[in-house]
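If you want the building blocks of each chain, they are given just below.
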Amino acid sequence: EPEERFTEVQSIYAVHYHRAVAEGLLLASHHENGWPLLQGYQRLVDLRSRGLAFSQRRRLEIARASAPSPPVVDLVVCFCAERLMWLKAMHRLPWRETEDRSIEMRDSVALRIYHKCPPATAAEEERERERLVREWESYFHTVEVRFVLDAVRADDCSAYLAYIVDRYDSLPDYTVFLHADAPEHIPSLELLTDTVFAASRGFLPEETGFAH
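Computed from a prediction, not measured in an experiment: that's the story for all the values here.

Draft legend 1. Expanded view of helix α5 (residues 122-136). Spanning 15 residues, α5 covers 21 Å between terminal C-alpha atoms, matching the ideal 21 Å at 1.5 Å per step. Residues of α5 that are buried include every one of Glu128, Leu132 and Trp136, and no others. Taken around the axis of α5, the buried residues stretch over an arc of 45 degrees, which confines them to a single face. Those residues of α5 that are exposed and angled more than 90 degrees off the buried face are Ala122, Arg127 and Arg134.

Given below as structure tokens:
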């Protein structure tokens, strides 16, 4: 309706403008001496274009909110009882305070915690799941806690294998397999956070393949 109304008013303006010019009621001197009609009209058109662009962006945001896209990156963490505070560096490193990557992490990166030390009872297990989800759900697109019950291997290998089996038919573009104490296994935390950020934005080349 607003678009139709604008077109109607625009047509009325054009008719009156051309009639005034044809009948000699509107002269060039009127534009030069304080009647900036053309500039005003151009400003109105510019404002309309901005309004249409804003409306389009708003509709896109609403559509994304109602039907969120799947994550681009999965962080698969083999976890027992370690401190996971280092995951906050995915949003912002303390020594790089001007770089805020929180939007990309919430939009495109999922956290999949594969728990290798499950509690003794189902009730305790549920409380543990709720605790981890509550702690990290504001940081990532999705937070999932999966308890891996294996009597043969209680290490990261079976956790990563469980993830592959779970997601074999719905793998994201990139998967990052991590120890729960990841900073102790890599030379620089920035190497990890920058790689995840690059993957979330689609900056990694397609031929990247497997990287260790």
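Once you've had a look at it, read on.
Draft legend 2. Representation of the pairing of strand β3 (residues 142-147) in the model. Residues of β3 alternate between two faces, with Val143, Val145 and Phe147 buried on one and Thr142, Glu144 and Arg146 left unburied on the opposite face. Read from strand β2 (residues 109-115) through α5 to β3, the crossover connection turns out right-handed.

Draft legend 3. Focus on the packing of aromatic side chains. The final tally for this structure, using the stated rule, is 4 aromatic pairs. Grouping aromatic residues by their ring pairs yields a cluster made of Tyr114, Tyr160, Tyr163 and Phe177. Between the NZ or CZ atom of Arg101 and the centre of the ring of Phe197, over which it lies, the distance is 4.3 Å.

Here is what the cut-offs are and how they apply
- Residues numbered from 1 in each chain as written.
- Predicted model: local features only at pLDDT ≥ 70, side-chain atom pairs only at ≥ 80, totals over all residues.
- Heavy atoms only, no water.
- Helix = DSSP H or I, 4+ residues; strand = E, 2+ residues; numbered from the N terminus.
- Expected span 1.5 Å × (residues − 1).
- Buried < 20%, exposed > 50% of the residue type's maximum accessible area, 1.4 Å probe, protein only.
- Arc of directions from axis to C-beta.
- Right-handed = clockwise from strand over helix to strand, strands pointing away.
- Phe/Tyr/Trp six-rings, centres within 6.5 Å; stacked < 30°, edge-to-face > 60°.
- Lys NZ or Arg CZ within 6 Å of the ring centre and 35° of its normal.

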